Amino acid sequence: EIEILEAELANDNDNLELRMKLAIKYHEHNHSKESLEQLLYILKQDREYNNGEAKRTIVDIFKSLGNKDPLVAVYQKQLFSLLY
C-alpha cells in the first residue's frame, strides 16, 4: 500500500490528503522518519491542515517514539521553528 500511495503522490505532489495517508502508513510500518517528513511538509503548506490533524499526528508519533529517540529531538525543533 505504501508503494501505491508513493506512486499516486509522484503524480500529484501537492495532494496533502495523499501525504497524510502516506505519513500514517509509514508510521504503521515503522518508517518514522519518512512519516515525520511528510507531516512537516503538510504543516509547511497548511498549518491547520484538516483541523490540526497533522499536528496531532506528529505529536502522537513523538509520544510513541519516546523522548529519548533522536528523531524526536530533531523533528521537535523543526516543528517548533515552523509553528512559532
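All residue numbers here refer to positions counted from 1 along the written sequence of the relevant chain. Only residues with pLDDT of at least 70 get local features here, since the model is predicted, and only at 80 or more are side-chain atom pairs given and counted; chain-wide, interface and lining totals rely on the full set of residues. Just so you know, side-chain values use all the structure's heavy atoms and leave hydrogens and water out.

Trainee: Lay out the overall build of the protein with the relevant residues and their values.
Mentor: The number of helices and strands found in the protein is 5 helices and 0 strands. In this description a helix means any DSSP run of H or I spanning at least four residues, a strand means any run of E spanning at least two, and both kinds are numbered starting from the N terminus. Reading the secondary structure of the protein in the N-to-C direction produces α-α-α-α-α. Note that the radius of gyration is over C-alpha atoms, with the globule rule given as 2.2 Å times the number of residues to the power 0.38. Over its C-alpha trace the protein gives a radius of gyration of 12 Å, about what one expects of a compact globule, namely 12 Å for 84 residues. With the principal axes as the frame, the protein shows a C-alpha extent of 35 × 25 × 20 Å. The buried share among the 84 residues of the protein stands at 37%. Whether two residues are in contact is decided by their heavy atoms: any pair within 4.5 Å suffices. Sequence-distant contacts in the protein: of pairs separated by 6 or more residues, those separated by 24 or more amount to 46%. Carbon and sulfur atoms form 47% of the exposed surface of the protein, whose accessible area is close to 5400 Å². Neither His nor the chain termini are counted; the positive set is Lys and Arg, and the negative set is Asp and Glu. Here the site of a charge means NZ on Lys, CZ on Arg, CG on Asp, or CD on Glu. Positive and negative side-chain charges of the protein, numbering 11 and 15 respectively, have mean locations separated by a distance of 9 Å. Think of it in three bands: with a 1.4 Å probe and only protein chains considered, a residue is buried below 20% of the maximum accessible area for its type, exposed above 50%, and partly exposed in between. The accessible surface values rely on the Shrake-Rupley method and a 1.4 Å probe; as for residues, cover is taken only from the protein chains in view.

Trainee: Provide a residue-level description of the pattern of salt bridges, including the pertinent values.
Mentor: A side chain with one charge may pair with a side chain of the opposite charge, provided their charged atoms come close. Here, a salt bridge means any side-chain nitrogen of Lys or Arg that lies within 4 Å of a carboxyl oxygen of Asp or Glu. According to the stated counting rule, one finds 4 salt bridges in the structure shown. The closest approach of N and O atoms between Glu-1 and Lys-25, which form a salt bridge, is 3.5 Å. Residue Glu-1 is found in the segment before helix 1 (2-11), and its partner Lys-25 is found in helix 2 (residues 16-28); the two are separated by 24 residues along the sequence. Judged by relative accessible area, which is 60%, Glu-1 ranks as exposed. Glu-28 serves as the salt-bridge partner of Lys-25, at 3.1 Å between the closest nitrogen and oxygen. Of this pair, Lys-25 and Glu-28 both sit in helix 2, separated by 3 residues, roughly a single helical turn. Each of Glu-1, Lys-25 and Glu-28 takes part in salt bridges that share partners, so that together they form one network.

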